[in-house]
Amino acid sequence: KDEHTQGNPTHYGDPASGCESDEQAVRVQGVSGDFCSPKCSSGTCPSDVPQGVTAQPKCALRSPTGDSYCALICSPSDWRPNGAKGECGTGTCQAIQGLGLCTYAAPAGAKDVVETEVVSSAEAAEVVEVKDEHTQGNPTHYGDPASGC
């Protein structure tokens with residue numbers, strides 16, 4: 001890469017400093033923060049991660065159009081905000097439905113972010129649904145009544 005290129009030098013970075021050309025900023029409903037996410041290619045994800053990150057990229061997101069996206073899967077910890085083994089580096093390991101996702105603090109007015117939801121924690125690679133921002137209500141039982149039942 002050209003050393004004068006702006007943004008993150010790797011995939012899965014903080015959208016505040018820009019995402020790679022093949023990524024988009026993603027936010028998971030029920031989790032604070034966001035992260036840059038590349039599309040999965042045949043179920044695989046780019047392996048270049050930010051410095052200090054040891055979390056493994058998994059094909060764990062799906063858009064309403066059927067596109068699959070990658071996320072860094074971590075082990076949440078009550079004692080370490082960046083994961084049980086510090087695997088999110090400068091990011092935060094956010095727990096959601098039995099999974100952990102590496103995220104970065106998102107500014108309050110963040111735009112151009114794909115809203116996502118976790119639909120299964122059986123296997124990290126098995127689907128975190130990407131929902132359009134305008135979708136109303138909870139997609140599953142036991143959701144937050146604030147967003148509709």
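Since this is a predicted model, take the numbers as computed values, not measurements.

**Q** So what exactly am I meant to see when it comes to the overall build of the protein chain here?
**A** Secondary structure assignment for the protein chain yields zero helices and eight strands. Secondary structure elements in the protein chain, listed N-terminal to C-terminal, are β-β-β-β-β-β-β-β. Within the protein chain, the proportion of its 149 residues that are buried is 42%. Expressed as a percentage of contacts within the protein chain between residues at least 6 apart in sequence, the contacts between residues at least 24 apart total 46%. Accessible area of the protein chain: about 8,500 Å², with a carbon and sulfur share of 47%.

**Q** What is the right way to read the state of the cysteines from this model?
**A** Here, the word disulfide means a covalent bond between the sulfur atoms of two cysteines. Evaluated as defined, the whole model comprises five disulfides. The disulfide partner of Cys40 is Cys59, and the S-S distance across this bridge is 2.1 Å. When the S-S torsion is 115°, as for the bridge of Cys40 with Cys59, the disulfide is right-handed. Here the residue Cys40 occupies a position in the loop between strand 2 (35–38) and strand 3 (56–62), and Cys59 occupies one in strand 3, the gap between them amounting to 19 residues. Each member of the pair, Cys40 as well as Cys59, is classed as buried. Linked covalently through their sulfurs, Cys45 and Cys70 form a disulfide whose S-S length is 2.1 Å. Disulfide Cys45-Cys70: the torsion about the S-S bond is -100°, which places it as left-handed. Highlighted residues: Cys45 in the loop between strand 2 and strand 3 and Cys70 in strand 4 (residues 68–73), separated in sequence by 25 residues. Classification of Cys70 by relative accessible area gives buried; the value is 0%. The connectivity of the disulfide-linked cysteines in the protein chain, indexed sequentially, is 1-2, 3-5, 4-6, 7-9, 8-10.

**Q** Which parts of the structure should I look at to understand the confidence of the model for the protein chain?
**A** Detailed reading of the predicted coordinates is not advisable wherever pLDDT is low. Here the protein chain averages 76 in pLDDT, and 67% of its residues register 70 or above. In the model, residues 1–5 has pLDDT below 50 throughout and makes two contacts with residues more than four positions away in sequence or in other chains.

**Q** How do you make sense of the environment of Gly100 when you look at a structure like this?
**A** In this structure, Gly100 sits in strand 6 (residues 99–103). A C-alpha to C-alpha distance of 8.1 Å links Gly100 and Gly83, two positions 17 residues apart in sequence. Aside from chain neighbours lying at most four places away, what touches Gly100 is Leu72, Ile73, Cys74, Pro76, Cys93, Gln94 and Ala95.

**Q** Can you help me understand the environment of Arg62 in this one?
**A** With respect to the helices, strands and loops of the structure, Arg62 is situated in strand 3. Among the residues examined, Arg62 registers a relative accessible area of 33% and is labelled partly exposed. Here the alpha-carbon distance between Arg62 and Lys39, two residues 23 residues apart in the chain, equals 9.2 Å.

**Q** I keep staring at unusual backbone geometry and nothing clicks. Help me out?
**A** Negative phi values dominate among residues other than glycine, just as trans dominates among peptide bonds. Unlike most non-glycine residues, Tyr12 shows phi in positive territory, near 65°. In the Ramachandran plot, Ser42 falls in the positive-phi region, its phi being about 55° despite a non-glycine side chain. The topology assignment puts Ser42 in the loop between strand 2 and strand 3. On the basis of relative accessible area, Ser42 is assigned to the exposed category, the value being 77%.

**Q** Would you mind going over the nonpolar core with me for this structure?
**A** Generally speaking, a soluble globular protein has its nonpolar side chains buried in company with each other. Tyr12, Cys45, Leu72 and Cys102 are the most contacted members of the largest nonpolar core, which has 13 residues in total. The contacts of Cys45, once residues within four sequence positions are left out, are Tyr12, Cys40, Pro57, Lys58, Cys59 and Cys70.

Rules used throughout
Residues numbered from 1 in each chain as written. Predicted model: local features only at pLDDT ≥ 70, side-chain atom pairs only at ≥ 80, totals over all residues. Heavy atoms only, no water. Helix = DSSP H or I, 4+ residues; strand = E, 2+ residues; numbered from the N terminus. Buried < 20%, exposed > 50% of the residue type's maximum accessible area, 1.4 Å probe, protein only. Contact = heavy atoms within 4.5 Å. Areas by Shrake-Rupley, 256 points an atom, 1.4 Å probe, with all protein chains shown as cover. Disulfide = S-S within 2.5 Å. pLDDT = per-residue confidence, 0-100. Core = buried A, V, L, I, M, F, W, Y, C linked by side-chain atoms within 4.5 Å.

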